[in-house]
Amino acid sequence: QVQLVESGGGLVQPGGSLRLSCAVSASIFSINVMGWYRQAPGKQRELVAFITSSGSTNLADSVKGRFTILRDNAKNTVYLQMNSLKPEDTAVYSCNAKRIASTATYDYWGQGTQVTVSS
């Protein structure tokens, strides 16, 4: 079992920055993919960014150039650095871990953290 604990959300003005953290209870090397998702009120959950065990990253078009996903292997922690925040970034952000086995994929989720971008 893998436990994920997010932190770092809050209220920020447009143009501001936040850094979300996701602490993983297992060795991060045992996780194939770490990702950040978000869900705004009345909208479907969307993938914001992910990073693989080899360090490859991918970001949604809506956040490219503003967000960065980082991984600290020594701390078993994944970060989402969010800059130039916009009101449309307001959502609950959740951390996800995927373990990919030969016959199944195991998904683990954190509890989510609220990010509100407003003046």
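Residues numbered from 1 in each chain as written. Predicted model: local features only at pLDDT ≥ 70, side-chain atom pairs only at ≥ 80, totals over all residues. Heavy atoms only, no water.

Caption draft 1: Quick peek at the side chain of Glu6. For Glu6, the position within the fold is in strand β1 (residues 4–7). The charged side chain of Glu6 is buried without a salt bridge, its nearest counter-charge being Arg45 at 9.2 Å. Of note is the side chain of Glu6, whose polar atom sits 2.6 Å from the backbone nitrogen of Cys95. Polar contacts involving the side chain of Glu6 include one to the main-chain amide nitrogen of Gly112, which spans 2.8 Å. Those residues in contact with Glu6 that lie beyond four places of it in its chain are Ser21, Cys22, Trp36, Tyr93, Ser94, Cys95, Gly110, Gln111, Gly112 and Thr113. (Helix = DSSP H or I, 4+ residues; strand = E, 2+ residues; numbered from the N terminus. Buried < 20%, exposed > 50% of the residue type's maximum accessible area, 1.4 Å probe, protein only. Lys, Arg positive; Asp, Glu negative; His and termini not counted. Salt bridge = Lys/Arg side-chain N within 4 Å of Asp/Glu carboxyl O. Polar contact = N/O pair within 3.5 Å; in protein donor to acceptor, adjacent residues only side chain to side chain. Contact = heavy atoms within 4.5 Å.)

Caption draft 2: Expanded view of the state of the cysteines. With the rule as written, the count across this model stands at 1 disulfide. Here Cys22 engages in a disulfide with Cys95; their sulfurs sit 2.0 Å apart. Handedness here is read from the sign of the S-S torsion; for Cys22 and Cys95, about -85°, the answer is left-handed. With Cys22 in strand β3 (residues 18–24) and Cys95 in strand β9 (residues 91–100), this pair connects stretches of sequence that are 73 residues apart. Pair check on accessibility: Cys22 and Cys95 agree, each one buried. (Disulfide = S-S within 2.5 Å.)

Caption draft 3: A look at the nonpolar core. With 32 residues, the main nonpolar core has Leu4, Met34, Trp36, Phe67, Leu80, Met82 and Tyr93 as its most contacted residues. If you list the elements that add at least two residues to this core, you get β3, β4 (33–39), β5 (46–52), β7 (67–72), β8 (77–82), β9 and β11 (113–117). Apart from residues lying up to four places away in sequence, Tyr93 is in contact with Glu6, Leu20, Trp36, Tyr37, Arg38, Val48, Phe67, Leu80, Met82, Gly112, Thr113 and Val115. (Core = buried A, V, L, I, M, F, W, Y, C linked by side-chain atoms within 4.5 Å.)

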